[in-house]
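# Coordinate analysis (summary)
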Amino acid sequence: MVSPPIHAAANAQYTQQFLSNVLSQRGPLALPYAEDAKWLIRQQLLGLVENYPSLQPKTATFTHNDGRTVNLLQAEGTVPMVYQGVVYNIPVVIWLMDSYPRHPPCVYVTPTRDMIIKRPHSHVNPSGLVSHPYLHNWIYPSSNLVDLVRNLSDLFGRDPPLYARPQRPSPPNPNPDHRPSSSENSNSPLSLLSSFVRPGIPPPRLNYSLSPYGHRPTTAATEDPNEVFRRNSINKLMEKLHVDGEVLRKTREAEMEGLFNLQAVLRQRDENLSKELMKFQEEKEGLEQQLQMILMDTDVLESWLRENEGRVNKAKNVEVEGIFEPCDALSKQMLECTASDLAIEDVIYSLDKVVQEGSIPIDQYLRSIRSLSREQFFHRATAAKVRAAQMQAQVTSMAARASKYM
């Protein structure tokens, strides 16, 4: 059978569907990444696959040093490097840890059976863990997987991290004068590179039937009808699944976009509610202060009523004006200023009525109004100063009373 080649577009669609499914899972199967970071993780992995198709995302179980296990995303495959003008591949695994992308991923070199890690290596320890300046200087959100792999490719090209495993000892050389050259040393970089596989897509393999007469091989002319029907059915089913998966992917992406927009709206509303709550708290504190002032004024009035309660019976035959008298000089001055202000106000009102009736000329009215307004202004200014002095005296009295109770 001829296996159909995997096209780049189909691979990209499969990767998008896979990432959308695993990042949208909820419950026990959900990956431990922050919700606001999943979209960035998806975009970075898609960019990595687009630039380096040899690295494919998948999920796997990662075991921490303390024994905890967690299901994480990883990019597994090979990183291309150029050594002595030839392109080779280094097998690696890039783990996206729980705190990714705010913290860098973990990169491991994974040698095959016929490879060993170079010792010592300046950036790869014996366990395969890669230490690179790009990882140490990881900056969120500008750092990404594509730039990381590009830096790793340059690093491996300058100093390959893997060597070919030494071969078994060969039979004794009958020529004792023959010495192995540097290219025959199994621990040299050349032997390392000879063990790497060059990238490339192999041509499709056909089912050849070799002629016993040495003729050119030809493809099989006959195939089992059941096998052909089975293969066609599978192809149609895969096409239908691909279409359904594409529709589902677009639907899920639209839902995720709507959820992200809703999340932004909810965050904005939360900020607005917090601001309004802070305003209400400040208003509550101001009202409490006013309540305290009113309570203190109430205490002053009640104490005055208690002190003057006995004078009520004696003041039945006294005029109303004689009952109330200022308690101090400031109150007396305030009473005089207020009475003068109100009297001038009554005079101005009367002048307005008179001038409307035409009893006095307009020039005399204007002179009188100007003189009365000037006098009224001085009375009001004096009352404002007296009111400020009274408030200061009241505050001083309240402070003294409060210190007495403390």
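Residues numbered from 1 in each chain as written. Predicted model: local features only at pLDDT ≥ 70, side-chain atom pairs only at ≥ 80, totals over all residues. Heavy atoms only, no water.

## Section: the side chain of Ser-20
Condition: Working definition: helices are DSSP H or I runs of at least four residues, strands are E runs of at least two. Numbering for both runs from the N terminus. The classification of residues rests on relative accessible area computed with a 1.4 Å probe and restricted to protein chains. Under 20% of the type maximum is buried, over 50% is exposed, and intermediate values are partly exposed. Between two residues, a contact is recorded if the distance between any of their heavy atoms is within 4.5 Å.
Of note, Ser-20 is situated in helix α1 (residues 8–23). Assessed through its relative accessible area of 3%, Ser-20 is described here as buried. With residues near it in sequence (within four places) discarded, Ser-20 still touches Arg-42, Arg-249 and Glu-253.

## So, helix α8 (residues 329–357)
Condition: In a helix, the anticipated span is given by 1.5 Å times the number of residues less one.
End to end, α8 covers 42 Å across 29 residues, agreeing with the expected 42 Å (1.5 Å per residue, within 8%). Residues of α8 that are buried include every one of Met-334, Cys-337, Asp-341, Ile-344, Ile-348 and Leu-351, and no others. Downstream of α8 by a residue or two, Gly-358 has a phi angle that is positive, lying close to 85°.

## Describing the pattern of salt bridges
Put simply, the rule is: Salt bridges are identified by distance alone: a Lys or Arg side-chain nitrogen within 4 Å of an Asp or Glu carboxyl oxygen.
In the structure shown here, the tally under the stated rule is 16 salt bridges. With a closest N to O distance of 3.2 Å, Asp-36 and Arg-102 form a salt bridge. You can see Asp-36 sitting in the loop between α1 and α2 (38–51) and its partner Arg-102 sitting in the loop between β3 (86–96) and β4 (106–109), a full 66 residues away along the chain. The partly exposed category is assigned to Arg-102, whose relative accessible area is 37%. Note that Glu-76 is salt-bridged to Lys-58, the shortest N-O span being 3.1 Å. Here Glu-76 is found in strand β2 (residues 69–83), whereas its partner Lys-58 is found in strand β1 (residues 56–63), with 18 residues between them in sequence. Counted as one network, the salt bridges with shared partners bring together Arg-42, Glu-246, Arg-249 and Glu-253.

## Thoughts on the side chain of Thr-15
One can find Thr-15 in helix α1. Thr-15 has contacts with Leu-46, Val-49, Gln-56 and Pro-57, leaving out every residue within four places of it along the chain.

## Points about unusual backbone geometry
Along the chain, Tyr-100 connects to Pro-101 via a cis peptide bond; the corresponding omega equals 5°. Structurally, Pro-101 is set in the loop between β3 and β4. Cis geometry marks the peptide bond from Arg-119 to Pro-120, where omega comes out at -5°. Tracing the backbone through its elements, the reader meets Pro-120 in the loop between β5 (115–117) and α3 (133–136).

## As for the pairing of β4
The two faces of the sheet receive side chains in turn, since in a regular strand these alternate between them. To be explicit about the condition: Think of it this way: DSSP has to see at least two bridges between two strands before they count as a pair.
Burial along β4 is one-sided: Val-107 and Val-109 are buried, while Cys-106 and Tyr-108, pointing the other way, are not. Inspection of the sheet shows β3 paired to β4 by 4 bridges, in the antiparallel sense. Directly across from Val-92, in β4, lies its bridge partner Val-109.

## Observations regarding the confidence of the model for the protein
Rules: Confidence of the predictor at the level of single residues is given by pLDDT, which spans 0 to 100.
With 79% of its residues at a pLDDT of at least 70, the protein reaches an overall mean of 80. Taken element by element, the predicted model of the protein shows its lowest mean pLDDT in strand β7 (residues 208–209) (34) and its highest in β4 (94). When the criterion is pLDDT under 50, residues 1–5 qualifies, and its contacts beyond four places in sequence or with other chains add up to 6 contacts. In the model, residues 176–221 has pLDDT below 50 throughout and makes 55 contacts with residues more than four positions away in sequence or in other chains.

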